[in-house]
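# Structural description and commentary
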Amino acid sequence: KLDELFRSKASKGRMTMTVVTPDFERTLGMNMVTRGMEDTLIRITSPRKEAGISTLKKGTEMWNYLPKVKKTVRVPPSMMMGAWMGSDFTNDDLVRASSWENDYDMAFVDGVGAGDEVCLRYTPKPSAAVTWDHIDTCFDGGTSLPHRQDFYDEKGRKARTLHFSEVKEMGGRTIPSVMTLEPLLKQGH
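All figures in this text were calculated on a predicted structure; none of them were measured in a lab.

## Section: the sheet that holds strand β10 (residues 146-152)
Taken in spatial order, the six strands line up as β7-β8-β9-β10-β11-β12 in an open sheet, and their pairing is antiparallel. A single partner strand is all that each edge strand has here, and the edge strands are β7 (104-108) and β12 (173-183). When the angles between neighbouring strand axes are averaged without regard to direction, this sheet yields 20°. Where strand β11 (residues 158-170) meets β12, 10 bridges bridge the pair, whose relative direction is antiparallel. Its bridge partner lying in β12, valine 167 is registered against proline 176.

## Some thoughts on the pairing of strand β2 (residues 25-35)
Looking at chain direction, strand β1 (residues 10-20) and β2 are connected through 11 bridges and run antiparallel. Each bridged residue has a counterpart across the sheet, and for methionine 17 the counterpart in β2 is leucine 28. Between β1 and β2, which pair antiparallel in sequence order, lie four residues. In this sheet, strand β3 (residues 39-46) lies alongside β2 in antiparallel orientation, the contact comprising seven bridges. Within the sheet, the bridge partner assigned to glycine 29 lies in β3 and is serine 46. Between β2 and β3, which pair antiparallel and follow one another directly, the connecting turn spans three residues, one of which, glycine 36, has a positive phi of 60°.

## Describing the packing of aromatic side chains
Within a pair of aromatic rings, the relevant descriptors are the distance that separates the centres and the angle that separates the planes. Scanning the entire structure with this criterion turns up two aromatic pairs. Ring plane angle 85° and centroid distance 6.2 Å describe the contact between tyrosine 104 and tyrosine 122, whose orientation is recorded as edge-to-face. Of this pair, tyrosine 104 sits in strand β7 while tyrosine 122 is found in strand β8 (residues 117-124), placing the two residues 18 residues apart along the sequence. Its guanidinium or amino end placed over the ring of phenylalanine 151, arginine 160 lies 4.1 Å from that ring's centre, counting from NZ or CZ.

## Here we look at unusual backbone geometry
Leaving glycine aside, a negative phi is the common case for residues, and trans is the common case for peptide bonds. Following serine 46, the chain continues to proline 47 via a peptide bond in cis, the omega torsion being 5°. Residue placement: proline 47 occurs in the loop between β3 and β4 (54-58). Positive phi is not limited to glycine here, since serine 144 has a value of about 65°. Tracing the backbone through its elements, the reader meets serine 144 in the loop between β9 (134-140) and β10. For serine 144, a relative accessible area of 33% gives the class partly exposed.

## Focus: the nonpolar core
Most often, soluble globular proteins have nonpolar side chains that are buried together. Core analysis: the largest hydrophobic core is formed by 24 residues, its most contacted members being Met17, Leu28, Trp84, Tyr122 and Ile135. Listing elements by their share of this core, those giving two or more residues are β1, β2, β3, β8, β9 and β11. Non-local contacts of tryptophan 84, meaning those with residues more than four positions away in its chain, are made with Met17, Leu28, Met30, Ile42, Ile44, Thr55, Phe89, Thr90, Asn91 and Leu94.

About the criteria used
- Residues numbered from 1 in each chain as written.
- Predicted model: local features only at pLDDT ≥ 70, side-chain atom pairs only at ≥ 80, totals over all residues.
- Heavy atoms only, no water.
- Pairing = 2+ DSSP bridges.
- Helix = DSSP H or I, 4+ residues; strand = E, 2+ residues; numbered from the N terminus.
- Axes fitted to C-alpha atoms, helices over the stretch in contact; angles between N-to-C directions.
- Phe/Tyr/Trp six-rings, centres within 6.5 Å; stacked < 30°, edge-to-face > 60°.
- Lys NZ or Arg CZ within 6 Å of the ring centre and 35° of its normal.
- Buried < 20%, exposed > 50% of the residue type's maximum accessible area, 1.4 Å probe, protein only.
- Core = buried A, V, L, I, M, F, W, Y, C linked by side-chain atoms within 4.5 Å.
- Contact = heavy atoms within 4.5 Å.

This is the structure in structure tokens:
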């Protein structure tokens, strides 16, 4: 269900991403289209300086198109955990190359959630090409919608938290409409 939360057989949407660092703040507008779990196209629409930059994931392959130089650049698997467009989101976060169901083992975590939250720990399977040591995800016990995800690095440190908020109905589906990624090992991001 977590894999399919923002997708389904197909989806499209307009999004805004605000990147905040100690040195700058910028906002990107983008359109996104998905087909199943395998195909994703993200096209930046604003600001004008970056408009047209596109990211395409088809199956296990990923490319970036850079309109200013009219070049398409393949993104190797080793770069899936690299930053996307200067943000703290990774290429994998945006195009979801890994699968919660196929790449992770899951277990309930006691004592982590608050109130009616249910928390699950996702631990990578030995064959999975993922970076995180484990990820704790807490869901609303009634709706099964995620509240937050805590990502732990290879040293067991909580490296970042992804908060889900402002639940809305969009296109006949009830989903969180805002995701806030807070890197915990970088001050001011």
